[in-house]
Amino acid sequence: MLENDFDNVRQAEGLANRYLITCKQEGLVPHIDIDEIYTGIIYPEYKEFELRFANIYKKTDTEERWALTDGKKKWIVLDESLRHINRCRYAFTFAHEMRHVIDFCENPDLNLRQLSEEQLAALEHRADVFAAHLLMPTQFVVQKFLEKYGRGCVFDFFGSGDYYCDGKRKRWVQSQQELNRYFARPLTPYFSQVSATSLSIRLQELRLLPRIFEGGFRDPSFIERKNQERVNDLNQIFSKWTNAGLARFL
């Protein structure tokens, strides 16, 4: 789980799960849609913060501003270009601002001008964590991963080419790009407003995929466990061959 307070994560995932329940009730394929979450939950329940679009993009040496939330005027303002240039950036920015909406509603006297730089940075980090969990709630991510790959998602981390085990073709994964391509991207239809890279990072946080750093995998406990699973697979197929009288061919 991302580092932040429990209530922040609980609120984000609670909103996402409420929307997923609505999908099920209406016979829709479960997925995360940030616009529908705003229309169905945020707008009616959180003081009717109105969504607007305008040309407000601003870049400085320390940050880029794509949106703002005004607690007094009850506005969420997103940069007009967000809807056209990058759907994933749009969704994350929108979800980030939803945290600010909740902050203003829970703390009517909140005055950003009275906060220190450290407090403002903490507020922004809190909104980033909220956005990640709203777009990729833990239970739904785990559910879809297990439905797609099962509990025996076995792959090795060093070498080249493919190998066969127990009748199934399995592939060595050697880079973050391959991890994204083979394991995260197939799940993006359920998380259509996040990139394969973001989803891969979320899967790594949940320990469903190994963490990758520059130069390769650096997660010894995960590697040891997965390699042991591969050994168990190979032992299983060896046992089958032995029982079938085929061991002499090894």
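Fair warning: this is a prediction, and the values are worked out from it, not measured in the lab. (Residues numbered from 1 in each chain as written. Predicted model: local features only at pLDDT ≥ 70, side-chain atom pairs only at ≥ 80, totals over all residues. Heavy atoms only, no water.)

Chemist: Just checking my understanding: could you explain the confidence of the model for the chain for this structure?
Modeler: For the chain, the average pLDDT comes to 79, and 73% of its residues sit at 70 or higher. Within the model, pLDDT remains below 50 along residues 154–161, and this stretch shows 35 contacts once partners closer than five positions in the same chain are excluded. Of the regions scoring below 50 in pLDDT, residues 246–250 engages in five contacts with residues more than four places distant in sequence or in other chains. (pLDDT = per-residue confidence, 0-100. Contact = heavy atoms within 4.5 Å.)

Chemist: Can you help me understand the pattern of salt bridges in this one?
Modeler: If the charged atoms of two oppositely charged side chains come close together, the side chains can form a pair. Using the criterion set out here, one finds 12 salt bridges in the structure. Measuring nitrogen to oxygen at the nearest pair gives 2.6 Å for the salt bridge that ties R83 to E80. As a salt-bridge pair, E106 and R99 come within 3.7 Å of each other at their nearest N and O atoms. Look at the salt bridges and you will find they share partners, linking D5, R99, D103, E106 and R126 into a network. (Salt bridge = Lys/Arg side-chain N within 4 Å of Asp/Glu carboxyl O.)

Chemist: What should I look at first to understand the sheet that holds strand β4 (residues 67–70) in this one?
Modeler: Here three strands make up an open sheet; going across it, the order is β1-β5-β4 and the pairing mixed. Because the sheet does not close on itself, it has two edges, and the strands there are β1 (50–54) and β4. Going from strand to strand, the sheet's axes swing by 20° on average, the running direction of each strand aside. Judged from the four bridges that link them, β4 and strand β5 (residues 75–79) form a sheet pairing that is antiparallel. Across the sheet, the residue bridging to L68 is V77, located in β5. (Pairing = 2+ DSSP bridges. Helix = DSSP H or I, 4+ residues; strand = E, 2+ residues; numbered from the N terminus. Axes fitted to C-alpha atoms, helices over the stretch in contact; angles between N-to-C directions.)

Chemist: Got a minute to help me understand unusual backbone geometry in this structure?
Modeler: Leave glycine aside and you will find that most residues have negative phi; peptide bonds, for their part, are mostly trans. A positive phi angle is found at K47, which is not glycine, with a value near 60°. For K47, the location among the structural elements is in the loop between α2 (34–45) and β1. Although it is not a glycine, K74 sits at a positive phi angle of roughly 60°. Mapped onto the secondary structure, K74 falls in the loop between β4 and β5. Relative accessible area serves as the criterion here: at 30%, K74 is assigned to the partly exposed category. (Buried < 20%, exposed > 50% of the residue type's maximum accessible area, 1.4 Å probe, protein only.)

Chemist: I keep staring at the nonpolar core and nothing clicks. Help me out?
Modeler: The nonpolar side chains of a soluble globular protein tend to be buried with one another. Membership of the largest hydrophobic core comes to 50 residues, with the highest contact counts inside it found for I34, M98, L134 and L203. When residues of this core are traced back to their parent elements, those giving at least two are α1 (6–25), α2, β5, α4 (87–106), α5 (117–135), α6 (138–149), α7 (176–184) and α8 (196–205). With nine residues, the top contributor of residues to this core is α4. The residues touching L134, leaving out its near neighbours within four places in the chain, are A12, L15, A16, I32, I34, I37, A95 and M98. (Core = buried A, V, L, I, M, F, W, Y, C linked by side-chain atoms within 4.5 Å.)

Chemist: Hey, could you run me through the packing of α1 against α4 in this one?
Modeler: For any two helices packed against each other, the geometry comes down to the angle between their axes and how far apart the axes lie. Where α1 meets α4, the closest approach of the two axes is 12 Å, and the angle between their N-to-C directions is 115°. The two elements α1 and α4 meet at a crossing, and its hand is right-handed. Only R99, I102 and E106 of α4 make contact with α1, whose side of the interface consists of N8, Q11 and L15. Residue composition of the contact of α1 with α4, by class: two nonpolar, two polar and two charged. (Left-handed = near helix turned anticlockwise from the far one by under 90°. Nonpolar A, V, L, I, M, F, W, Y, C, P; charged D, E, K, R; others polar.)

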